[in-house]
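Examining the three-dimensional arrangement
These are the residues of each chain, in order.
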Amino acid sequence: MREITVRVNGQERKRLVKDNELLLDFLRERLEVRSVKAACWRGECGLCTVKLGDHLVKSCLVLAVEADGKEVETVEGITPDGELTPIQKAFVSHGAAQCGFCTPAWVLATHELLQANPHPSEAELTEATSGLVCRCGTYNQIREAVEEVSQARPRLAKENLASS
Amino acid sequence: MTADAFVGKAVPPEDTVRKVTGTALYTYDWEVPGTLYAKLVTSTVPHAKIVRISLESAKAVPGVVAVLTGKDMPFRVGMYAGDRDLLAVEKVRWAGHPVALVVAETLEAGERASELVDVEYETLPAVFDPVKAMEADAPLLHERMEEYKHAPVFYPVPGTNIANRFRLVHGDVEKGFGQADELVEEEFRISHVSHAYLETQNVVAQAYRDGTYEIWTSAQSPFVVRQIISESLNIPYNKITIRVPFVGGGFGGKAGLQWEALAAMASKAVGYRPVKLVLSRKENFSSGASREGVVANVKAGFTKDGKCVAYKVRFVLDAGAYADYTVNVSRAMGYSAEGVYEVPNVQCESLAVYTNKVPTTAMRGFGYSESNWVLEQVFERAAKKLGMDSAKIRRVNLLRPGESHTATGEKVREDVGDPRKVLQTVLEGIDWDGKVERPSEPWKVRARGFALCVKGPSQPPNASSSAILKFNEDSTIDLVLGTGNFGQGTATAISQMVADQFGVAVEKVRVDPVRDTGKSAYTWQTVGSRGLFTDGVATLRACEDAKGQILDLASQVMRLPKSELEVAEGAVKAKGRPWLSIPLRELVFGYVYPNGNTVGGPVIGRGQYTSSLNTYLDPQTGQGVPTIFHTFGGTAVDIELDLVTGAIEVKKAVQVFDVGKAINPLLLKMQLDGGFIMGMSIALFEKIKFDEQGWVMNPNFTSYYLARMKDVPKDFVARYVETPQFDGPLGARGIGELSMISVASAISNAVFRSTGVKLNNLPMSPEEVWAAISSQKPELLAKAMESYGRVETAVKARQ
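Residues numbered from 1 in each chain as written. Chains lettered and ligands numbered in written order. Predicted model: local features only at pLDDT ≥ 70, side-chain atom pairs only at ≥ 80, totals over all residues. Heavy atoms only, no water.

A word on the packing of helix H12 (residues 490-502) of chain B against helix H13 (residues 531-558) of chain B
Residue and element names in this part refer to chain B. Selection rule: Every angle, taken between N-to-C directions, lies between 0 and 180 degrees, and every axis is a line fitted to C-alpha atoms, over only the stretch in contact when it is a helix. Only DSSP runs of H or I covering at least 4 residues are called helices, and only runs of E covering at least 2 are called strands; the numbering of each starts at the N terminus. By the definition adopted for this analysis, an angle is roughly parallel if under 35 degrees, roughly antiparallel if over 145, roughly perpendicular if from 65 to 115, and oblique otherwise. Each crossing gets its handedness from the near helix: less than a right angle anticlockwise from the far helix is left-handed, clockwise is right-handed. Any two residues having at least one pair of non-hydrogen atoms within 4.5 Å are treated as being in contact.
One way to put it is that H12 packs onto H13 with a least axis distance of 10 Å and a crossing angle of 25°. On the basis of their axis angle, the class for H12 and H13 is roughly parallel. For H12 against H13, the interelement crossing comes out right-handed. Facing Thr 490, Ala 493, Ile 494, Met 497, Val 498, Gln 501 and Phe 502 of H12, the residues of H13 in contact are Gly 531, Leu 532, Asp 535, Gly 536, Thr 539, Leu 540, Cys 543, Glu 544, Ala 546, Lys 547 and Ile 550.

Structure follows, in structure tokens:
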């Protein structure tokens, strides 16, 4: 066991952790940050994605001790004033969540992408989210949501769905 | 608010805000104070007698509370076939079969102890191939099959490995073959696939000393979970409460019983402490249930003018060690054999067969997806043999509403949908008569194909639904439903219908996300695309009931006959005299006169739905009425096939369904897109691989690949046809599962039409496709390799 100090969503957290404790378990079990999910526990699905320092990481592949002295951001941290961010609003209006289990990871990843690159191309979006999976298949809706925010060009989600 | 203010509008699902903020809680997130953690110990051999289980060293691990085995809970459970144990009793039936459960203070202690459980086995011969498992001398998996409690519509064959034998006959198939000018005779295979819901199977259970049980589970069917536990463990229904919070995907794989009974028994065994069991992804693959494998042999006869006059098919389902839900999959596969076509002579046998592999269960579109894979390709083969256009051969055979009968002899009503319009819309969507685009490279082929489909919910005739509508003090509505919500948005669509019934804003109607057998309205299961239809009808009836109560009260207060009053725009109004009105708010909690005198009270509407049309199917001929509706649809694709690598890329997807009435076009589009993507993923990538001992070799998302954003076609057309169903809610039909069914067949048909290469095996992975091209059309491959080589050489020369 050793003591680490991590700033999680702007709050300093000091905890004793096991040497082999995953950042995923540290966040979920010790700090009860429940937006961080897991579906594969080996870096394939991306549901445990968090921001560590300046980078998105899969928290099942990072030890808690590696986060010592660093900042961690999860989806709880991107809405400091309580108001939904533009990408969150766009996810809602475009129906970019079905079961929702992977949604926090997608919101965080696309939010960070749009912070770093306000106008990502389709290839950049695909590349930036290549580590994430959505079994319900909301990829089209996520694409539309990102497009709306990036181009500030409102587009109805049902646009394609003309009644015949 | 006008009468149709919300129905037909793209209202986003109301629970998405919780999902995007990470505040939607799933069973996986659920903790009860004092929770113990459970860990499975699984069999290392595929088929063996358990001689001895040594638990001493496992129990000695600090933190371990108990180690349980099948002897501690010798129950047989199941929904349709009743063939499962909670932990292996006497013998193990597949490599991965749970033999013991460690319960510990921490998961770490549980994991360490699980490795110390020592099981001595006496191995038995095992069988992994379902066709071999039907041979007379095959090792038997279930020696006491005759003792199992089967639902009445299933026909197991004790003394064999056949868990269900479904038969369907109409007309005389041999006579039909006699009339045929062309025959198609082929074998098709489908590999096991995983539902791959991202929240793995998991449960928290607490037994109490008063004999009650509280269970939180990631499940599609809380009421059926309760039913199975109650019936199998002999506990009264009302002593079991099943709670289902948000569910991280189901796709049929969470429809029956999962680990709920095991966790409940474990909680009791450890002295009534809560027990949590979360499967790892690997455990979910190797100890949970998957979609079955299939071997299908078909012979079909067509006349010169394209009429299918005879269709004979045998499906053999590789059901794995337990076929609890799969017996119904075999039944659905059998009665859907004829799809959207009317064939005068049909003979079908569909067998669910036990093998020493992972158990299998329902999956999105079950039975129908598999029969579609065979049928739609048979039609494509016939079209080619007859030199007929793919669309024309279908028009010749399509069911005619008002005239035709389905494979089970059910008359196709005029209001059930318009298959011809669906076909036409599919063809328009893909520009069928237009020019196919040029491939991006000379060794690639660009091609278009399509397939049609039909499906209804595969449920017992007595499956029912109910709804409770409660008005609150401020006239907002708590709508109490049982139908689950794991992405389909059924609650949102039904809320829109309720809002319009009372002329209020949709925000005034809310459905709590948690389902709870003690508090929710009963619904049989959330499966089979039934929720919107069955629970929708129940809800509309609850609205009528509530309106009746409101109008009775208003009639008294307004001193007008009920017949002269109506509910509109959030008020009761006198017909033709809208200035005479009372807002709902003043009625739904009792009307208060100026002197305080109050009449009436809280309004609660109730409604239920059970189809009175469904029947059991005849055991010999499979004739009867199995489903409450049929949704017709189709998929078309524009693909690019790389002849050199065998890789298929979908460039454009078209999805068309006759939904009766589009209650919410946004939710509909989400299902049509999502279903296509899942269908495409299964068509091209997904296959559970087994080694020679039946072990799952790829229990992870590296070697079991799921479609990602890069795989999704850029061009996506989703259209709907609206032929209203007279007994559907506002004319609507179900759609959730449908969107996946015809995807694989459409892709395969595109390849066959353009190259003549038959892809009979799912998935159409590059290896499979390449092998098919090189064995069936070596000249095509040689030509492609040549042009590829030429380009390679040119590139190298330039460098």
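Comments concerning helix H9 (residues 368-386) of chain B
Counting along an α-helix, one turn takes 3.6 residues, and residues three or four places apart therefore face a common direction. Quick note on the threshold: In a helix, the anticipated span is given by 1.5 Å times the number of residues less one. Partly exposed describes any residue whose relative accessible area lies between the buried limit of under 20% and the exposed limit of over 50%, with all areas from a 1.4 Å probe on protein chains only and scaled to the type maximum.
For H9 of chain B, which comprises 19 residues, the first-to-last C-alpha distance of 26 Å matches the rise-based estimate of 27 Å (1.5 Å per residue) to within 8%. A large share of H9 of chain B lies buried, amounting to 16 of its 19 residues.

Focus on the packing of aromatic side chains
Residue and element names in this part refer to chain A. Inclusion rule: Only the six-membered ring of Trp is used, alongside the rings of Phe and Tyr, when aromatic pairs are assigned; centres must lie within 6.5 Å, and planes under 30 degrees apart are stacked while those over 60 apart are edge-to-face, with the rest tilted.
One pass over the structure, following the stated rule, counts 24 aromatic pairs over all chains. Aromatic pair Trp 106 and Tyr 139: ring centres 5.8 Å apart, planes at 70°, arrangement edge-to-face. With Trp 106 in helix H3 (residues 103-116) and Tyr 139 in helix H5 (residues 139-151), this residue pair connects regions lying 33 residues apart in the sequence. The same class applies to Trp 106 and to Tyr 139, which are both buried.

Looking at the interface of chain B and chain A
Test applied: In short, buried area is how much 1.4 Å probe accessible area vanishes from two parts on joining, totalled over both. Think of a salt bridge as a Lys or Arg side-chain nitrogen and an Asp or Glu carboxyl oxygen that are within 4 Å of each other. In the analysis that follows, any N or O atom pair within 3.5 Å is treated as a polar contact, provided that within protein one partner can donate a hydrogen and the other can accept it, and provided that, for residues neighboring in sequence, both atoms belong to side chains. Three categories are distinguished: nonpolar for Ala, Val, Leu, Ile, Met, Phe, Trp, Tyr, Cys and Pro, charged for Asp, Glu, Lys and Arg, and polar for the others, with Gly belonging to the last.
Every contact between the two is made by 65 residues of chain B and, on the other side, 58 residues of chain A. The contact between chain B and chain A buries some 4900 Å² in all, and 58% of this surface belongs to carbon and sulfur atoms. Together, Tyr 28, Leu 198 and Met 709 of chain B form the three largest contributors to the area buried by chain B at its contact with chain A, with a combined 17%. Connecting chain B to chain A are five salt bridges. Here chain B and chain A share 25 residue pairs in polar contact (both at pLDDT 80 or more) between them. Looking at the side of chain B that touches chain A, the elements with two or more residues in it are helix H1 (16-20), helix H11 (419-430), helix H14 (665-684) and strand S31 (715-721) of chain B. Grouping the amino acids of the side of chain B that touches chain A by side-chain chemistry returns 34 nonpolar, 16 polar and 15 charged.

A word on the environment of Val 224 of chain B
Residues and elements named next belong to chain B. Its location among the elements puts Val 224 in helix H5 (residues 222-233). C-alpha separation for the pair Val 224 and Thr 523, spaced 299 residues apart in sequence, amounts to 9.0 Å. Beyond its immediate sequence surroundings of up to four residues, Val 224 is in contact with Met 79, Trp 524 and Gln 525.

Topic: the pattern of salt bridges
Tallied over the full model, the rule gives 52 salt bridges over all chains. Here Asp 324 of chain B ties to Arg 84 of chain B by a salt bridge, and the two come within 3.2 Å at their closest N and O atoms. Of this pair, Asp 324 of chain B sits in the loop between strand S16 (308-320) and helix H8 (326-335) while Arg 84 of chain B sits in strand S5 (residues 84-85), placing them 240 residues apart in sequence. The residues Asp 324 of chain B and Arg 84 of chain B share a single accessibility class, namely buried. In this structure, Lys 573 of chain B engages Glu 569 of chain B in a salt bridge whose closest nitrogen and oxygen atoms are separated by 2.3 Å. Residues joined by salt bridges that share partners form a network here, namely Arg 28, Glu 29, Arg 34 and Lys 37 of chain A together with Asp 29 of chain B.

Points about the sheet that holds strand S5 (residues 71-73) of chain A
Think of a sheet as strands paired side by side through backbone hydrogen bonds, with each pair either parallel or antiparallel. All names here are of chain A. Spelled out, the test is: Any two strands with at least two DSSP-identified bridges between them are counted as paired.
Taken in spatial order, the five strands of this open sheet run S2-S1-S5-S3-S4, and their pairing is mixed. Two strands lie at the open edges of the sheet, namely strand S2 (11-17) and strand S4 (55-58), each paired on one side alone. Recorded for the sheet is a direction-independent mean angle of 40° between the axes of neighbouring strands. Of the pairings in the sheet, the one linking strand S3 (residues 49-52) to S5 comprises two bridges and is antiparallel in character. What sits directly across from Leu 52, in S5, is Val 72. Set on the sheet, helix H1 (residues 23-30) makes contact with strand S1 (2-8), S2, S3 and S5; between it and S2 the angle comes to about 105°. Helix-sheet contacts for H3 involve S3, S4 and S5, and the interaxial angle to S3 is about 40°.

What about the confidence of the model for chain A?
Heads up, the rule is: Each residue carries a pLDDT score, the predictor's confidence in it, ranging from 0 to 100.
Summary statistics for chain A give a mean pLDDT of 92 and a share of 92% for residues scoring 70 or more. Note on residues 153-160 of chain A: pLDDT is under 50 here. Beyond four places in sequence and across chains, it has 17 contacts.

Observations concerning the domain arrangement of chain A
Residue and element names in this part refer to chain A. This is how the line gets drawn: An automatic or database domain assignment supplies the start and end points of every domain.
If you check the domain split of chain A, you get domain 1 (2-78) and domain 2 (86-158). Taken over C-alpha atoms, the centre of domain 1 sits 23 Å from the centre of domain 2. The contact between domain 1 and domain 2 buries some 1200 Å² in all, and 71% of this surface belongs to carbon and sulfur atoms. The interface formed by domain 1 and domain 2 includes one salt bridge. Two residues, Glu 112 and Lys 51, come together in a salt bridge whose shortest N-O distance is 3.0 Å. On inspection of domain 1 and its partner domain 2, the count reaches four residue pairs in polar contact (both at pLDDT 80 or more). For the side of domain 1 that touches domain 2, the secondary structure elements donating two or more residues are S3 and S4. Here the side of domain 1 that touches domain 2 gets three residues from one element, more than from any other, and that element is S3. Considering only residue class, the side of domain 1 that touches domain 2 consists of seven nonpolar, four polar and five charged.

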